[in-house]
Amino acid sequence: MSRADYKAISAQADAVEPTASLQQQQHATASGSGSATPVESTEASSLIEVAGSKEVVVHASGASNNEALYHIVCVIAGTGILQIPYALRLSGWIGLPVLLFAAIVNDYTGKLLVRCLYHHGQRINGGYPDIGRIAFGSVGEGIVQVFYNTILVGCTCLYLILAGMNLETLVGVLDQKAWILVCSAVILVPFILMRTLKEVAIISFFGAFASIVVVIIVVALGIIEFPEYNGRVEHTMFDFAKFPYALGTFSFSYGGNYVYAEVERTMANPQAFPLVLSRAMSIITVMYMLTGAVAYGTYGDLTLSPILSNLPQGWVTTFSIIVITAHVLLACPLLVTTFSAGPERALGLDEPEDTPRQKLGRALLRTLIMVFIAVVSITVPFFSDLMTFLGAVANTMLIFVFPVVFYYKIFGVAGRGVAELAFAGLIIAVGIMGGCIGGYESLVALYNDFVNSRA
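Below is a short write-up of the structure.

Each value, and the rule that gives it
Residues numbered from 1 in each chain as written. Predicted model: local features only at pLDDT ≥ 70, side-chain atom pairs only at ≥ 80, totals over all residues. Heavy atoms only, no water. Helix = DSSP H or I, 4+ residues; strand = E, 2+ residues; numbered from the N terminus. Buried < 20%, exposed > 50% of the residue type's maximum accessible area, 1.4 Å probe, protein only. Contact = heavy atoms within 4.5 Å. Phe/Tyr/Trp six-rings, centres within 6.5 Å; stacked < 30°, edge-to-face > 60°. Lys NZ or Arg CZ within 6 Å of the ring centre and 35° of its normal. Salt bridge = Lys/Arg side-chain N within 4 Å of Asp/Glu carboxyl O. Patch = residues over 30% accessible without salt bridge, like charges linked within 9 Å, V, L, I, M, F, W, Y side chains within 5 Å. Areas by Shrake-Rupley, 256 points an atom, 1.4 Å probe, with all protein chains shown as cover. Core = buried A, V, L, I, M, F, W, Y, C linked by side-chain atoms within 4.5 Å. Disulfide = S-S within 2.5 Å.

## Focus: the side chain of Ser211
No. 1: Relative to the elements of secondary structure, Ser211 occurs in helix α8 (residues 197-229).
No. 2: Using a relative accessible area of 1% as the deciding quantity, one classes Ser211 as buried.
No. 3: In this view, Ser211 contacts Ala77, Gly78, Ile81, Met287 and His327; residues no more than four positions away in its chain are not counted.

So this is what it looks like as structure tokens:
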């Protein structure tokens, strides 16, 4: 596909703002229709949040563009940084342009997803699952809910498990399960006190900053150690046999679009979301490219996963583990706040007046959510490998398949160019391929876990 073709396709995805639809709505009223054009789906009518008569929608109390940027970087970057170098070892140097392709796809499908939130100048008062309802009714909503909640709850559990494991190694005193409970209690404090993603922005900022610190450490140590490894390691341009496994890592290192709808919903200027998303993808891609190129360039066929295993042991590596632990814990409030948004809307706990009853109800609900997540983290056997399997399937659908399918179901395929439709088909094919490979690997790991537990 030519650069011009991609620009033409991306231009349609960039049309997230409801400006054109609002103008059509105003024109219809002026020409005697007397009312705005109705929303296509009757099932979506109860979800509508009127955007107003202005062409630019601004929520005075919403999050700034930078705060939205912190959310996206905090959720996506982090653990991906630790895996990219090993994925390059599997794929060879060809993995770098593939990584760039994965960034373009995530940027594109993210814009398609948010575009689905708007109908005739109106934004649905909901998130990702509600897009499924508009496209395919209650069945579509139910299917999305399964994958959506699996990712949000599962990722939080995995982050707690990783933090507990690291704290047990670094601090001792308590075992991993006890540290998981401690971390859950710590996360519960901002989870209850901070009502929306806007309030969580300061936490997301430090989470994004922690990721940048890890990149600096890995790149600096990789450059320092390059002379020692130069000539001792080998590199490949393309490893056909192992490339499919690397593809899964590249694809899902950009997983995070399950928070896009809530991030855009809480922005002061939601029309700026496409630009914010593109900036976030650019920052994350630069971080991945730097870490991957330097680490693989230095360690070659000796590159390990996570890349921290390659770094010289000492205070710097210990500091890196501390920073990664901080990052995953800082990302948890963002994930659980996004997860709780749906139930809170359904229970009427997100109304603007925020009465004492709503505050109490929200605190109880969020406490129950955190208790459930903590219990799952410490009791479900083989949870990490189980979540890897569920994550491979869920990410395939949420990142690659659903945004494309929902967009063309809602807005139609009539008048679309061949290049646009071919690109959409490629996205779905790549996503399914990566999901199948990741799912197979994780099933093998689960089988080995089961066999070893019975030995």
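## Comments concerning the packing of aromatic side chains
No. 1: One pass over the structure, following the stated rule, counts 16 aromatic pairs.
No. 2: Through a chain of ring-to-ring contacts, three or more aromatic side chains come together here, namely Tyr70, Phe205, Phe206 and Phe209.
No. 3: It is Lys409 that lies over the ring of Phe136; its NZ or CZ is 5.3 Å from the centre.

## Considering the pattern of salt bridges
No. 1: Within the structure shown, the criterion is met by eight salt bridges.
No. 2: Here Glu264 and Arg123 are joined by a salt bridge, their closest N and O atoms 2.9 Å apart. Of this pair, Glu264 sits in helix α10 (residues 260-265) while Arg123 sits in strand β3 (residues 122-124); the two residues are 141 residues apart in sequence, bridging distant segments of the chain. As far as burial versus exposure is concerned, Glu264 and Arg123 are alike and both buried.
No. 3: The shortest N-O distance in the salt bridge between Glu344 and Arg366 comes to 2.6 Å. You can see Glu344 sitting in helix α12 (residues 315-346) and its partner Arg366 sitting in helix α13 (residues 356-379), a full 22 residues away along the chain. Accessibility assignment for this pair places Glu344 and Arg366 in one class, buried.
No. 4: Ionic contacts of the salt-bridge type, sharing partners, join the residues Glu262, Arg265 and Arg345 into one network.

## Some words on a nonpolar patch on the surface
No. 1: On the surface, a cluster of nonpolar side chains totalling about 580 Å² of accessible area is made up of Leu170, Val171, Val173, Leu174, Val182, Val186 and Ile322.
No. 2: Tracing the backbone through its elements, the reader meets Val182 in helix α7 (residues 176-193).

## Regarding the nonpolar core
No. 1: Core analysis: the biggest nonpolar cluster contains 126 residues, and Ile72, Tyr254, Tyr258 and Tyr260 have the highest contact counts within it.
No. 2: In terms of residues, this core owes the most to one element, helix α6 (residues 128-170), which gives 17 residues.
No. 3: Ignoring sequence-local partners within four residues, the contact set of Tyr254 consists of Ile76, Leu99, Ala102, Ala103, Asn106, Met281, Ile284, Thr285, Tyr288 and Ile399.

## Some remarks on the state of the cysteines
No. 1: For the structure shown, the criterion picks out zero disulfides.
No. 2: Between Cys157, a cysteine without a disulfide, and Cys332, which holds the nearest cysteine sulfur, the sulfur-to-sulfur distance is 9.0 Å.
No. 3: Unpaired in terms of disulfides, Cys332 finds its nearest cysteine sulfur in Cys183, a separation of 8.3 Å.
No. 4: Residue Cys332 is classed as buried on the basis of its relative accessible area of 0%.

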